[in-house]
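Chain residues, written in single-letter form:
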Amino acid sequence: MNKYLILENGQIFKGEGFGAPGDVIAEIVFTTAMTGYLETLTDKSYTGQAIVQTFPLIGNYGIIPEDAESEMIGASAYIVREWCDHPSNFRSKRDLDTYLKKRGIVGLYKIDTRALTRVLREHGTMNGLITDTPSKANLEMIKAYKCENPVHLVSTKEMYVEGNGKYKVALFDFGMKENICRCLTNRDCTVYVFPDTATKEDILSVNPDGIFLSNGPGDPIDNKGAIEVIKELIPLKYPTMGICLGHQLLALAHGFETMKLKYGHRGSNQPVRYSEDSCTYISSQNHGYAVVNESVDNTVATPLFINVNDGTNEGLKYINEPCFSVQFHPEACAGPRDTNFLFDSFVEMMEVKNA
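Everything numeric here is computed off the predicted structure, so don't read it as measured data. (Residues numbered from 1 in each chain as written. Predicted model: local features only at pLDDT ≥ 70, side-chain atom pairs only at ≥ 80, totals over all residues. Heavy atoms only, no water.)

Peer 1: Give a description of the packing of aromatic side chains that names residues and reports values.
Peer 2: In the structure shown here, the tally under the stated rule is 14 aromatic pairs. Taking 6.4 Å as the distance between ring centres and 75° as the angle between the ring planes, the aromatic pair formed by W83 and Y109 counts as edge-to-face. Here the residue W83 occupies a position in strand β7 (residues 82-83), and Y109 occupies one in strand β8 (residues 106-109), the gap between them amounting to 26 residues. When the ring of F212 is compared with that of F346, the centres are 5.7 Å apart and the planes differ by 80°; the resulting orientation is edge-to-face. With F212 in strand β13 (residues 210-213) and F346 in helix α10 (residues 341-354), the pair connects residues that are 134 residues apart, well separated along the chain. The residues F212 and F346 share a single accessibility class, namely buried. (Phe/Tyr/Trp six-rings, centres within 6.5 Å; stacked < 30°, edge-to-face > 60°. Helix = DSSP H or I, 4+ residues; strand = E, 2+ residues; numbered from the N terminus. Buried < 20%, exposed > 50% of the residue type's maximum accessible area, 1.4 Å probe, protein only.)

So, in structure tokens, the structure goes:
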């Protein structure tokens, strides 16, 4: 059955549907990752977005539930050039089409995803409608779409505990990827996972050794409540690490600024230069916003990582506080894992605090 993607600028891409039936409006974003499509689909940072895979063949190793980053699919829709209907992997439980149908996620294939990506790179990320009936498209309605309160939609509603280790970590769940918890529990941590609405008193009630700010979806400036709580926690000088949205929220809590990127950084091949050793590492990324370099007060923080491609900020180290944060994903599964050592740095900060 024919299915169409209609961008807010009126441009139409014709393809065929797979996954669940129906129409959906979403922000259309692309990722350049060649593998890890299940981890991508289950990353809650994609809430309110339709993912375009630039790599032409997706689904060739099927669906492996153990590799998911959450129980839910974050994305609103999935757009690929071709999906594999006969996956080959001894761990596979089902094919991609069946998985999307079961989760109610609309899919679109047989379109030129490279051409679509060029449009998004040239004109910037934009909203789009995936539909069976393009004649009914309302461009003003498409353009006006915005996912409201995405962090609150995907955050845990109640605090829960993972692991049973030496160090107690209070983790704000803004749309957390499961491997963040695994990286911490594998390093002798007990992780207390809090909802995005947690207060300073909630965090202090577990007497944490450190605080962790997770990844998540949407515009960071919309999370005013979380920013205020982080501001209240900063003077207490707990060892703190932030990833992606957590990095942006920590920066905003210090009075720095964020901006929306033209088409974002999404993929597993982003080079970042580390200020500590001047080496370049390959990182996995999924973000549409960044901290404004010029807004960073160099008496408060210094750049920790810089994106080699465009010079945008990829991390901050705070000068008089045991805090650092990164824009990319050091916990990435399916990789790369070049910067996994950052979790060791966080644990070392907690060791120093307890010494």
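Peer 1: Tell me about the packing of helix α8 (residues 224-233) against helix α9 (residues 245-253), and please be specific about residues and values.
Peer 2: Interhelical geometry of α8 versus α9 gives an angle of 65° and a closest axis separation of 9 Å. The angle between the axes of α8 and α9 places the two elements in the roughly perpendicular class. Relative to α9, α8 is oriented so that their crossing is right-handed. Note on element contacts: α9 touches α8 through L249, L250, L252 and A253, opposite A226, I227, I230 and K231. Of the residues that constitute the contact of α8 with α9, the class distribution is seven nonpolar, no polar and one charged. (Axes fitted to C-alpha atoms, helices over the stretch in contact; angles between N-to-C directions. Parallel < 35°, antiparallel > 145°, perpendicular 65-115°, else oblique. Left-handed = near helix turned anticlockwise from the far one by under 90°. Contact = heavy atoms within 4.5 Å. Nonpolar A, V, L, I, M, F, W, Y, C, P; charged D, E, K, R; others polar.)

Peer 1: Kindly report on the pairing of strand β18 (residues 313-318), identifying the contributing residues and their values.
Peer 2: Counting buried residues along β18, five of its six residues qualify, which places the element largely inside the surrounding structure. Relative to β18, strand β17 (residues 301-307) runs antiparallel, the two sharing five bridges. Of the residues in β18, the one forming a bridge with A301 is Y318. Bridge count for β18 against strand β19 (residues 323-326) is three bridges, and the pairing is antiparallel. Looking across to β19, one finds that L316 is bridged to S325. (Pairing = 2+ DSSP bridges.)

Peer 1: Help me get a handle on the sheet that holds strand β4 (residues 49-53), residues and values and all.
Peer 2: Ordered by their spatial adjacency, seven strands build a closed barrel running β1-β2-β8-β6-β4-β3-β9, and the pairing between neighbours is mixed. The sheet shows a mean angle of 35° between the axes of neighbouring strands, direction not considered. Pairing of strand β1 (residues 2-7) with strand β9 (residues 126-131), which is carried by four bridges, proceeds in the antiparallel orientation. Bridge pairing in β9 places L5 opposite I130. This element, helix α2 (residues 96-103), spans β2 (12-19) and β6 (77-79) of the sheet and lies at about 85° to β2. Strands in contact with helix α3 (residues 113-123) are β1, β2, β3 (24-31), β4, β6 and β9; relative to β3, the strand with the most contacts, it is inclined by about 90°.

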